[in-house]
Amino acid sequence: MLAFVLPLFGMVSAAFTEVRAQSVVTLIVTDPLTGIALSGMDPVSYFTEPAPLMGLSDNEFIWQNVSWYFATAANRDVFKSAPEIYAPQFGGHDGMGIARGFISDSDPRIYTVFKQRLYLFYSAANREAFLLAPDAAARTAEENWPALGKDLSVN
């Protein structure tokens, strides 16, 4: 499948934090002011629209103790039935960072859909590095994620 790449809105930071050695580690990357995943973007719309849509608070769904917004009630219901398909990989952490062995937040404007999965990135350079060899990067990130993600917690 071709990778779809399109910028979105706003930088994100993290909720559910645990402070370690002056750095913050997170379970799911969220907007630092609202605590909403993907800075309020509809995760299903990354797969169904030419550009992701802003979600509405009227179509909120709580998954993994995080608020997710959806542009339509139908998208919310689709997400409810299979959130692991539509939620970004690695809790929304930078997919290339995970492949390189470290955790960093991401920006929902910098993404790709590869093999029916949503990957977010910290920078356009990381996205481009991922897209140079997406199979290898995705495989390495999947291998690294259990060790990197095991220390992330929900507080």
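Here's a quick rundown of the structure.

Calculation rules
Residues numbered from 1 in each chain as written. Predicted model: local features only at pLDDT ≥ 70, side-chain atom pairs only at ≥ 80, totals over all residues. Heavy atoms only, no water. Phe/Tyr/Trp six-rings, centres within 6.5 Å; stacked < 30°, edge-to-face > 60°. Helix = DSSP H or I, 4+ residues; strand = E, 2+ residues; numbered from the N terminus. Buried < 20%, exposed > 50% of the residue type's maximum accessible area, 1.4 Å probe, protein only. Arc of directions from axis to C-beta. Contact = heavy atoms within 4.5 Å. Salt bridge = Lys/Arg side-chain N within 4 Å of Asp/Glu carboxyl O. Pairing = 2+ DSSP bridges.

A full pass over the atoms with the stated rule returns 12 aromatic pairs. Pairing Trp 68 with Phe 79 gives two aromatic rings, centres 5.2 Å apart and planes at 35 degrees, and the pair type is tilted. With Trp 68 in strand β6 (residues 66–70) and Phe 79 in helix α2 (residues 73–81), the pair connects residues that are 11 residues apart, well separated along the chain. Among the aromatic residues, ring-to-ring pairing joins Phe 90, Phe 114, Tyr 119, Phe 121, Phe 130 and Trp 145 into one connected group.

Within the span of α2, buried status applies to Asn 75, Arg 76 and Phe 79. For α2, the buried positions fall inside an angular range of 100 degrees around the axis, keeping them on one side. Residues of α2 that are buried in the fold lie against α1 (45–48), β5 (56–63), β6 and α3 (83–86).

Under the counting rule described, the total for this entry stands at 4 salt bridges. Note that Arg 127 is salt-bridged to Glu 128, the shortest N-O span being 3.4 Å. Residue class for Arg 127 comes out buried when judged on its relative accessible area of 10%. On the basis of relative accessible area, Glu 128 is assigned to the partly exposed category, the value being 42%.

Our focus in this paragraph is the pairing of strand β8 (residues 117–121). Among the 5 residues in β8, 4 count as buried, and that is most of the element. In this structure, strand β7 (residues 107–114) lies alongside β8, joined through 5 bridges in antiparallel fashion. For Phe 114, the partnering residue across the bridge sits in β8 and is Arg 117. Once β7 ends, the chain turns through 2 residues before running back antiparallel as β8, passing Lys 115 with a positive phi of about 50 degrees.

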